[in-house]
Amino acid sequence: MLPVPPPTYAGTERVVAALGDELLRLGHDVTLFAPGDSEFGGRVEPTIEQSLWRSGYKGDVSAYMQVSVAKAWEQHERFDIIHSHAEMHGFLLSRYCPTPVVSTLHGRLDAWGVPELLGEFSEIPLVAISDSQRRWHPDANWVATIHHGLPLAAMPFSNTPGEYLAFVGRITPEKGVEDAIELARLTGRRLKMAAKVYDAHEREHFKDVVQPAIDAGVVDFLGEVGPAQRDPLYAGAFATIMLGAWPEPFGLVAIESLGTGTPVVARRAGALTETIEHGVDGFLVDDLTEANLAIGRVGQLDRAEIRRRALDRFSPNRMADEYLGVYRRLIADRRNGSGSPPQRELVRAARG
């Protein structure tokens, strides 16, 4: 859907870029299967010449995901390991490819047939991006939980908070847009929103919820912006607001904000309970009343310490080091035969 790295808002593509860059820096030979307009220091194998969303495509992307997996499968003999970020589209590759494949799952795993799919592919090695994400599937073949890392050290830092609240993400109900706007009203602070409005449901939610708040002078809407505008937005905010009532599998917005030293006020849900320490990096809340209380206490937090912790916990080096450990284990398993596709299938059949 997007090039790697993405020019504006995105999640998976930014993580892939950070991991690929760090693996290259560590001296590894990395090939990236991604749209042809990607910018990467290693080898790029185009899955499509131009990323779909840049070309204005708004349809289903499943067929293009399958093409991406097929291209990697075709060249599997070139690699020691294949790392799939194609969600469930890479599962057949992982089961049958002679080269070991590990899949990092970036989405929620509790709906839309995903539980059944994970049950069917119970032998393939999986990496979760949070303990929260994997908690409904304890019997899956989890080989690691690896929190994301980003090059946060380059982000701006301000020890003096601004007056406004920041919201970064998508204009969709699960991101807590309405609650963020209501919190701005309750606290009397402006809400600056840098957000994607692309899909039909996002445009509808913008019309119903965000536009009236803009008209009322509560919201300054910046649109979908790149790092040059987004990072100073974080750094200058009093706090970043994440009040979505859904099980966020990770939440890059949180660690980006923490990287600038700006605390996060977030609903106590999903992986935010792992990335934010209550009373240290920000506050975890259950409703708007608690969020209002949290805003009153944000000024007590040490922004320099927030940044220091984020740079230590969410660095690309830490992420790459943990993935390299996974790669080495899977390669060793394949070489000694314990991880070969036929043997895994025999073990699976015997257990069945």
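A.B. asks: I would appreciate a short explanation of the overall build of the protein in the present structure.
C.D. replies: Within the protein, the regular secondary structure consists of 14 helices and twelve strands. The C-alpha radius of gyration computed for the protein amounts to 21 Å, which stays within 12% of the reference 20 Å derived for 352 residues, consistent with globular compactness. Counting the 352 residues in the protein, one finds 55% classified as buried. Of all intrachain contacts in the protein linking residues separated by at least 6 positions in sequence, the fraction that spans at least 24 positions is 62%. A total of about 15600 Å² of accessible surface is found on the protein, and carbon and sulfur atoms cover 51% of it.

A.B. asks: Help me understand the environment of Leu301, please; the structure alone is not making it clear to me.
C.D. replies: Along the chain, Leu301 turns up in the loop between helix 11 (288-297) and helix 12 (303-313). As for Leu301 and Phe221, which are separated by 80 residues in sequence, their C-alpha atoms are 27 Å apart.

A.B. asks: Help me understand the nonpolar core, please; the structure alone is not making it clear to me.
C.D. replies: Where a protein is soluble and globular, its nonpolar side chains tend to be buried together. With 81 residues, the main nonpolar core has Ile181, Leu191, Ile241 and Val265 as its most contacted residues. Here this core gets eight residues from one element, more than from any other, and that element is helix 13 (residues 316-335). Residues contacting Leu191, with those up to four places away along its chain left out, are Leu165, Ala166, Phe167, Ala180, Ile181, Ala184, Val218, Val219 and Asp220. Within the second largest apolar cluster, twelve residues are counted, among which are Phe91, Leu105, Leu118 and Ala140.

A.B. asks: How do you make sense of helix 1 (residues 12-25) when you look at a structure like this?
C.D. replies: With 14 residues, helix 1 ought to run about 20 Å at 1.5 Å a step, and its terminal C-alpha atoms sit 20 Å apart, in line with that. Taken together, the buried positions of helix 1 are Glu13, Arg14, Val15, Val16, Ala17, Ala18, Leu19, Gly20, Glu22 and Leu23.

A.B. asks: What am I meant to see in the confidence of the model for the protein here?
C.D. replies: Detailed reading of the predicted model is not advised wherever pLDDT is low. Of all residues in the protein, 96% have pLDDT values of 70 or greater, and the mean over the chain is 93. The low-confidence segment residues 342-352 (pLDDT under 50) makes 14 contacts with residues lying over four places distant or belonging to another chain.

A.B. asks: Just checking my understanding: could you explain the pattern of salt bridges for this structure?
C.D. replies: Two side chains with opposite charge may pair up if their charged atoms get near one another. Per the counting criterion, the structure on display carries 23 salt bridges. Residues Arg170 and Glu174 are paired through a salt bridge, measuring 3.5 Å at the closest nitrogen-oxygen approach. The class of Arg170 is buried, set by a relative accessible area of 17%. Arg318 is the partner of Glu322 in a salt bridge, and the nearest nitrogen-oxygen pair spans 3.6 Å. On the criterion of helical spacing, the pair formed by Glu322 and Arg318 is a turn pair, its members being four residues apart in helix 13.

A.B. asks: Could you clarify how one ought to interpret the sheet that holds strand 9 (residues 219-221) in this entry?
C.D. replies: Spatial ordering of the open sheet is given by 9-8-7-10-11-12, a layout of six strands whose pairing is parallel. With one partner strand each, in any of the chains shown, strand 9 and strand 12 (282-285) form the two edges of the open sheet. Averaged over neighbouring strand pairs, the angle between their axes works out to 25 degrees when direction is ignored. One ladder, built from four bridges, connects strand 11 (residues 264-267) with strand 12; its direction is parallel. Following the sheet pairing, Val264 is matched in strand 12 by Gly282.

A.B. asks: Just checking my understanding: could you explain the packing of aromatic side chains for this structure?
C.D. replies: What characterises a pair of aromatic rings is the spacing of the ring centres plus the angle enclosed by the ring planes. Scanning the entire structure with this criterion turns up seven aromatic pairs. An angle of 40 degrees between the planes, with centres 5.3 Å apart, marks the rings of Trp53 and Tyr198 as tilted. Of this pair, Trp53 sits in the loop between strand 2 (43-46) and helix 2 (62-74) while Tyr198 sits in the loop between strand 8 (191-196) and helix 7 (200-215), placing them 145 residues apart in sequence. The class of Tyr198 is buried, set by a relative accessible area of 15%. It is Lys58 that lies over the ring of Tyr198; its NZ or CZ is 3.7 Å from the centre. Taking the ring centre of Phe121 as reference, the NZ or CZ of Arg95 above it sits at 4.2 Å.

A.B. asks: So what exactly am I meant to see when it comes to helix 12 here?
C.D. replies: Because an α-helix packs 3.6 residues into every turn, residues spaced three or four apart end up facing the same way. Looking only at helix 12, the buried set comprises Arg303, Ile306, Arg307, Arg309 and Ala310. Buried positions in helix 12, seen along its axis, are confined to an arc of 165 degrees and lie on one side of it. In this structure, the buried residues of helix 12 make contact with helix 8 (227-235) and helix 9 (252-259). The N-terminus of helix 12 is capped by Asp302, whose side-chain oxygen sits 3.0 Å from the backbone nitrogen of Ala304.

A.B. asks: Teacher, can you tell me more about the packing of helix 6 (residues 177-187) against helix 7 here?
C.D. replies: Each packed pair of helices is defined by two parameters, the angle between the axes and the distance between the axes. Relative orientation of the contacting elements helix 6 and helix 7 amounts to 10 degrees, with a least axis distance of 10 Å. On the basis of their axis angle, the class for helix 6 and helix 7 is roughly parallel. Mapping the contact onto sequence places Val177, Glu178, Ile181 and Arg185 in helix 6 and His205, Val209, Val210 and Ala213 in helix 7. Per-class residue counts for the contact of helix 6 with helix 7 are five nonpolar, one polar and two charged.

A.B. asks: Where do I start with the sheet that holds strand 3 (residues 82-84) in this structure?
C.D. replies: What links the strands of a sheet is backbone hydrogen bonding, and the strands pair in either a parallel or an antiparallel sense. Across the sheet, which stays open at both edges, the four strands sit in the order 3-4-5-6 with parallel pairing between neighbours. Where the open sheet ends on each side, the last strands, each with one partner, are strand 3 and strand 6 (142-145). Averaged over all pairs of adjacent strands, the angle between their axes in this sheet comes to 25 degrees, without regard to strand direction. Packing of helix 13 onto the sheet brings it into contact with strand 3, strand 4 (101-104), strand 5 (126-128) and strand 6, and relative to strand 6 it is tilted by some 165 degrees.

A.B. asks: Can you walk me through the side chain of Asp231 in this structure?
C.D. replies: In this fold, Asp231 is placed in helix 8. Residues in contact with Asp231, not counting those within four places in the same chain, are Met155, Pro156 and Thr260.

Here is what the cut-offs are and how they apply
- Residues numbered from 1 in each chain as written.
- Predicted model: local features only at pLDDT ≥ 70, side-chain atom pairs only at ≥ 80, totals over all residues.
- Heavy atoms only, no water.
- Helix = DSSP H or I, 4+ residues; strand = E, 2+ residues; numbered from the N terminus.
- Rg over C-alpha atoms; globule rule 2.2 N^0.38 Å.
- Buried < 20%, exposed > 50% of the residue type's maximum accessible area, 1.4 Å probe, protein only.
- Contact = heavy atoms within 4.5 Å.
- Areas by Shrake-Rupley, 256 points an atom, 1.4 Å probe, with all protein chains shown as cover.
- Core = buried A, V, L, I, M, F, W, Y, C linked by side-chain atoms within 4.5 Å.
- Expected span 1.5 Å × (residues − 1).
- pLDDT = per-residue confidence, 0-100.
- Salt bridge = Lys/Arg side-chain N within 4 Å of Asp/Glu carboxyl O.
- Pairing = 2+ DSSP bridges.
- Axes fitted to C-alpha atoms, helices over the stretch in contact; angles between N-to-C directions.
- Phe/Tyr/Trp six-rings, centres within 6.5 Å; stacked < 30°, edge-to-face > 60°.
- Lys NZ or Arg CZ within 6 Å of the ring centre and 35° of its normal.
- Arc of directions from axis to C-beta.
- Polar contact = N/O pair within 3.5 Å; in protein donor to acceptor, adjacent residues only side chain to side chain.
- Parallel < 35°, antiparallel > 145°, perpendicular 65-115°, else oblique.
- Nonpolar A, V, L, I, M, F, W, Y, C, P; charged D, E, K, R; others polar.

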